[in-house]
Amino acid sequence: MKHDEQVRLLKQLIHQLDTGTNLDAGTVLRNPASAYTCPERAARERELFFRKHPQMIGMSGDLPEKGSFLTLEEWGARILATRDESGRFRAFLNSCRHRGVQIESEARGRRKRFVCPFHAWTYSSEGELVSIPKADHFGEIDKSCHGLIELPAVEKHGVLLVHPEPEGVIDTRSVLEGIGPDFDSWGFDHYVNVGSDVYDMPLNWKLAIDTFGETYHFPSLHRNTLFPIFHGNVQGFDHWERNHRMILCVREIDQMRHRPENQWNIREGAFPVYYLFPNVIFNVGRHSLTIVRVRPHPEEIGRSISHVGFYFDPEQLDSPEAEGTPQEFFESFAAIIRDEDYAAASLSQRSAESGLQKEFLFGRNEPTLHHYHQTYNEVLGLPPLEPA
Ligand code: FES
Ligand SMILES: [Fe+2]
């Protein structure tokens, strides 16, 4: 992020602190509780937000070298992502062209060849069918036409995007709108993966995303965890089409503001959080990047799965300023996000499912929640949310 922009955003936070104000979205909005429970809506979200929309599946650091691979099973498809022998990011259906058996069952690793467990057809990391055992017995087929089925895949600004459908199109510019310059300035394409975690929780995927959308709850829900580190009910917010950026306020700003502006660093005095439509949150620490990718449970509307990826600046991995060991970092992240945020939002899910509470409210100091939900409604072709 350009230094001028860092200073602008930090000054905005300092102004809020000095004047006891927060951002003002201008109105309170009502959101129907059925947004988190309605089966028809959930089916349309799965179709329009997930199955027919490019998905962020990880960062460049998840495929660190030629021959690296990654598998996932989402959106009704099994995916095999590779970094091929030329270094290019590729994605395929993880499904053998013989009779559709999954060719790779490990979550991640490194391989030159993928051998199907059923009859041992073998594929390269370019997806080519390289060998068929007893090919003369099997009968003649054109190997060049029976490679793995390829999915559209793009690697940009350190982000790995895949379209879940072979004939899908990725409009990279619009999908990554707004985030590229900041990600490039911090070199996220070089960040290394230091671990991952999964939280399977009883709350709709949008309620999980909502928990990242405001700092109003810091002094209460996170009284003993985040609030000693962050000022609550203070934040920056900018949006670009469907994506946005929040700036959370770290208490370090209280010291930093007294230093010359040319020494200000937004990753010390603040904590940028980016949202990539529809379901990814990027949390930018001093030397770390923590990504939360939330997906709906395939059958239960009131359940979601959060895939958490931890990445680190390779130059700071062993530095004394590193933010604890990776294990300590995962544990403290889970203790806040899973055990505080998601645990609280699971109670909202119960209220929504009761059918007795018809709506939830998004305050003037919660502009990010306005943006999430107005965006969802727009993509679903629903009318905008109404003021309270
Ligand atoms: S199903 Fe893969 S080799 Fe037969
Ligand atoms: Fe929170």
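Every value quoted in this text rests on a predicted model; they were computed, and no experiment measured them.

**Student:** How would you explain helix H1 (residues 3-19) if you had to name every residue and give the values?
**Tutor:** Taking 1.5 Å of rise per residue, the 17 residues of H1 would be expected to cover 24 Å, and the 24 Å separating its terminal C-alpha atoms lies within 8% of that figure. Of all the residues in H1, the buried ones are Gln6, Leu9, Leu10 and Leu13. Buried residues along H1 cover an arc of 95° about the axis, so they all sit on one side. Opposite the buried face of H1, by more than 90 degrees, sit the exposed residues Asp4, His15, Asp18 and Thr19. Looking at the buried residues of H1, the elements they touch are strand S14 (230-240), strand S15 (243-250), helix H7 (253-256), helix H8 (266-269) and strand S16 (270-276).

**Student:** Run through the domain arrangement of the chain, naming residues and quoting values.
**Tutor:** Its domain assignment divides the chain into domain 1 (3-53 + 174-387) and domain 2 (55-170). Across the boundary between the two partners, domain 1 contributes 22 residues, which contact 20 residues of domain 2. Residue composition of the side of domain 1 that touches domain 2, grouped by class: twelve nonpolar, four polar and six charged.

**Student:** Residue-level account of the sheet that holds strand S6 (residues 108-110), with values.
**Tutor:** Taken together, the five strands give an open sheet; going across it, the order is S6-S3-S4-S5-S10, and neighbouring strands pair in antiparallel fashion. The outermost strands of the open sheet, each flanked by one partner alone, are S6 and strand S10 (150-151). Summarising the sheet, strand S4 (residues 77-83) and strand S5 (residues 89-93) pair through five bridges and their orientation is antiparallel. Bridge pairing in S5 links Thr82 to Arg90.

Quick notes on the rules
Residues numbered from 1 in each chain as written. Chains lettered and ligands numbered in written order. Predicted model: local features only at pLDDT ≥ 70, side-chain atom pairs only at ≥ 80, totals over all residues. Helix = DSSP H or I, 4+ residues; strand = E, 2+ residues; numbered from the N terminus. Expected span 1.5 Å × (residues − 1). Buried ≥ 20, exposed ≤ 12 C-beta atoms within 10 Å, placed from the backbone. Arc of directions from axis to C-beta. Contact = placed C-beta atoms within 7 Å. Domains from an automatic or database assignment. Nonpolar A, V, L, I, M, F, W, Y, C, P; charged D, E, K, R; others polar. Pairing = 2+ DSSP bridges.

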